[in-house]
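# An overview of the molecular structure
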Amino acid sequence: MSSSPLGRPIVAVKPIAVPAPGRGVELQVKVTAPLAGQDLPVIVFSHGNAWSLDGYEPLVDRWAAAGFVVVQPTHLDSRRNGIGWEDPRFATIWRVRISDLHAVLDGLGDILRRAGGLEARVDHERVAVVGHSWGAQTAGAILGARVLDADGVPGEDFSHPAVSAGALIAATGTGDTLTPFAAERLPFMRPDYTTMTTPALVVAGGKDRSRLSTRGPEWFTDAYHLSPPPKALLTIAEGEHTLGGVAGEMVAETTDEDPARVALVAGAVSAYLLDAFKLDGTAWTALGDAATTGDGTWSIAGT
């Protein structure tokens, strides 16, 4: 048990093995939850490239403190699995990532039961998916986005009926401006957001410049601009890809360390989801008011 950044006691249980036949490596998850409370909404979180269930505590702990149960799987691309660019398995990891989220969602009751009897404390009708970077593309597929093939034909529908809202943090943009490196190594990075109908918050950094695209930071707003409403967009003017350090404080990938920025991202996601789930719109309304009257360091748009 630990104390969250907001002072509300939370508890984490790990690792919990999830059945995933044919995966080759055991699928494990971590569950973080408030120590008390009933009818808790759920977030299933997909990490960015190379991370694991042990990352993103600055976000996860705040979400648990806000009353969410958070489930974090470790995907195959985690550093601990040692599957690099040259590994033949890498080409299909994007599909395994999506399958991981389906396995978690399909087995959610058993996962929560094994995490100290949490299945009796959650609201199974209020489940969201959230992801960062590659995890945002993974989560987007669960929300209804598809992947275009080389001819521009949309692939299969990976959406899941249990999910009714989500949030995409630093999500991959469309694939028509991929760099040669990305086109060769990451051909699946061609999302089609026109079918992503599930309500979602998109979070983008105004200084997020990716080596995967020839476009600038606006690339990371495609999930908002190209998907059907209802959607919302949080833009953080000085934010880079790690948005202050969402994966962890002082980790190697963090280029714009700012704890206040991380707290803004965490708070915006929890406020948006509470509003989308029709549980409490107070924080989301207050955030919109603050954006309107603030100093312009961040802004919110909605459709």
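First, a word on what this report is: a plain description of the structure on this page. Please read all numbers here as calculations on a predicted model, not as lab measurements.

## Brief notes about the packing of aromatic side chains
- Inspection of every chain in the model, using the stated rule, returns eleven aromatic pairs.
- Here the aromatic rings of W85 and F90 are separated by 4.9 Å at their centres, their planes lie at 55°, and the arrangement is tilted.
- Chaining the aromatic ring pairs together yields one cluster made of W85, F90, W94, W134, F158, F181 and F188.
- Above the ring of W51, the side-chain terminus of R79 is found at 5.4 Å from the ring centroid.
- It is R97 that lies over the ring of W134; its NZ or CZ is 4.5 Å from the centre.

## Details of the nonpolar core
- Among the nonpolar cores identified, the biggest contains 58 residues, and V31, V69 and V71 are the most heavily contacted of them.
- By residue number, the principal contributor to this core is helix α2 (residues 93-106), which donates seven residues.
- In this view, V69 contacts V31, T32, A33, P34, L40, P41, V42, I43, L112, L118 and V122; residues no more than four positions away in its chain are not counted.
- Counting residues in each nonpolar core, the second largest holds 38 residues, with W51, L59, A128 and I169 among its members.

## Brief notes about the pattern of salt bridges
- The tally for this structure, following the rule as stated, stands at 18 salt bridges.
- With a shortest N-O distance of 2.0 Å, E253 and R79 are connected by a salt bridge. Of the two residues, E253 sits in the loop between β11 (231-236) and α7 (259-276) while R79 sits in the loop between β5 (69-73) and α2, which places them 174 residues apart along the sequence.
- The class of E253 is partly exposed, set by a relative accessible area of 31%.

Rules behind the numbers
Residues numbered from 1 in each chain as written. Predicted model: local features only at pLDDT ≥ 70, side-chain atom pairs only at ≥ 80, totals over all residues. Heavy atoms only, no water. Phe/Tyr/Trp six-rings, centres within 6.5 Å; stacked < 30°, edge-to-face > 60°. Lys NZ or Arg CZ within 6 Å of the ring centre and 35° of its normal. Core = buried A, V, L, I, M, F, W, Y, C linked by side-chain atoms within 4.5 Å. Buried < 20%, exposed > 50% of the residue type's maximum accessible area, 1.4 Å probe, protein only. Helix = DSSP H or I, 4+ residues; strand = E, 2+ residues; numbered from the N terminus. Contact = heavy atoms within 4.5 Å. Salt bridge = Lys/Arg side-chain N within 4 Å of Asp/Glu carboxyl O.

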